[in-house]
Amino acid sequence: MTSVASQTQNPRPSLRAAAQVFQFRNYKLLWISSAVSMLGMNAQQIIRGMLAWDLTGNFGMTAILVLSFGIPMGLFSLLGGALADRFEKRNLIILSQVASMFVATLVGFLVMFDLINFWLLFSIGFFQGSFVSVGMPARTPLMIETVPPEQRLSAVAFSMMPMTAMRAIGPALGGLTAGFVGFEWGYFGSAICYLISVLTVLSIPTGIGRDDKLATAETTSMNLSSSIADGLRYVSSSSEIRRLVLMMMIIAVMGMPIQTQFPGFVESELNVSNWQVYAGILVAIGGVGGLFGSVFVARLTQSTRKTLIQWVAGIIGAVSIGSIWIGAPFGFFGVVLPIFVSGAAMTAFMGINQAMLMDTAAPEYRGRVMSLFMFSMAFLSLSAAPMGK
């Protein structure tokens, strides 16, 4: 492919060369939008877990709450991919962010007036997860359409940075806010993040990637169910895309559920006071590791050994996650290193996986291929349920 050929002419890793994607205005705006959105989402995620634990004090119920995001992601992500290949990706992102802003504001007021309960929190999470499933498959394909083909791998790698950086900052801010100010103010802060994200995306013009969509006349003539089926047939016909999707599903099911159980894990296994703060710190440590992993991936956008590096990162990540439980008897400091390493390794794995998916897929199928990436991430939520007790 053109993008692969142009980036392998000089295989030496270069972060400076990769960072040239930020000279493009629309990419920069989408990156900023993604950063503030991920800040709100990651803060909200840890606050939801803390609130569920505060309401129930039960691992199993906390895991069930995680399903409120996982189920709609599994049900609607394929639909979101079909919509992303058919309609303006920019508008789908705005719709998703407005819905998330509304949900965060609503839950904040429900907590403030002591009207929240577990099943109401679950129902609201299902609503928000449905809109996130529609908007997320559109974001990465839109970002790579704002840069020339030869810089798309770099664009994908840097698009992972907001996710990983905010995994460090978001949970820390969310945990500290919930611990010292209150759950409701954490939700209001998330709502402000979503508002900033919406205003940023509104400044981006419509019609980005329209040239690529000239090839989708047949797709737009299909109904949505036929479009989804066509996307699945396309994926099944590509051995490379099948391999990448399968690897992501395996890692999500086998290696990542611990991330959803930090609040209960910290209080019951580490025996620390003020568990909300320590939970936020540990998730933040994993996010710092993830930031290192994303920088590592950005440097490797010109590498010809991405498949090998992906396998190594997956193995290291799985081993380090197992080491978290080994280190738990030694208290807080016994789990710091494995959490940091798992964050770095898993982020590197996901970044390489996503970059290879987007570079391999034809432009008219990128939304549907990305929806399978999101579908695989639904296993992260679904696989957390068996960990409850």
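As the structure is a prediction and not an experimental result, all values here were calculated from the model. (Residues numbered from 1 in each chain as written. Predicted model: local features only at pLDDT ≥ 70, side-chain atom pairs only at ≥ 80, totals over all residues. Heavy atoms only, no water.)

Here we take up a nonpolar patch on the surface. Where nonpolar side chains cluster on the molecular surface, the patch consists of Phe 109, Met 112, Phe 113, Leu 115, Leu 176, Phe 180, Val 181 and Trp 185 and spans about 850 Å² of accessible area. Those elements giving two or more residues to the nonpolar patch turn out to be helix H5 (89–112) and helix H7 (152–180). Relative to the helices and strands, Phe 109 resides in helix H5. Overall, Phe 109 belongs to the partly exposed group, its relative accessible area being 41%. (Patch = residues over 30% accessible without salt bridge, like charges linked within 9 Å, V, L, I, M, F, W, Y side chains within 5 Å. Areas by Shrake-Rupley, 256 points an atom, 1.4 Å probe, with all protein chains shown as cover. Salt bridge = Lys/Arg side-chain N within 4 Å of Asp/Glu carboxyl O. Helix = DSSP H or I, 4+ residues; strand = E, 2+ residues; numbered from the N terminus. Buried < 20%, exposed > 50% of the residue type's maximum accessible area, 1.4 Å probe, protein only.)

Under the counting rule described, the total for this entry stands at five salt bridges. When the shortest N-O distance is used, the salt bridge between Arg 368 and Asp 85 registers 2.7 Å. Placement of Arg 368 in helix H16 (residues 366–382) and of Asp 85 in the loop between helix H4 (59–84) and H5 is noted, with a sequence separation of 283 residues between them. Assessed through its relative accessible area of 4%, Arg 368 is described here as buried. Overall, Asp 85 belongs to the buried group, its relative accessible area being 3%.

So, about the nonpolar core. In this structure, Tyr 234, Ile 241, Val 266, Leu 270, Leu 282, Val 335 and Val 369 are the most contacted members of the largest nonpolar core, which totals 105 residues. Apart from residues no more than four positions distant in its own chain, Tyr 234 is found in contact with Ile 241, Thr 360, Ala 361, Ala 362, Tyr 365 and Val 369. (Core = buried A, V, L, I, M, F, W, Y, C linked by side-chain atoms within 4.5 Å. Contact = heavy atoms within 4.5 Å.)

Now for the packing of aromatic side chains. Taken as a whole and judged by the stated rule, the model has 12 aromatic pairs. Consider the rings of Phe 22 and Phe 158, whose centres lie 5.2 Å apart with planes at 75°: the pair is edge-to-face. Residue Phe 22 is found in the loop between helix H2 (15–18) and helix H3 (25–56), and its partner Phe 158 is found in helix H7; the two are separated by 136 residues along the sequence. The buried category is assigned to Phe 158, whose relative accessible area is 4%. Three or more aromatic residues joined by ring pairs make a cluster, and in this case those are Phe 22, Tyr 27, Trp 31 and Phe 158. (Phe/Tyr/Trp six-rings, centres within 6.5 Å; stacked < 30°, edge-to-face > 60°.)

So far we have only geometry, and geometry alone does not tell us how the molecule works.
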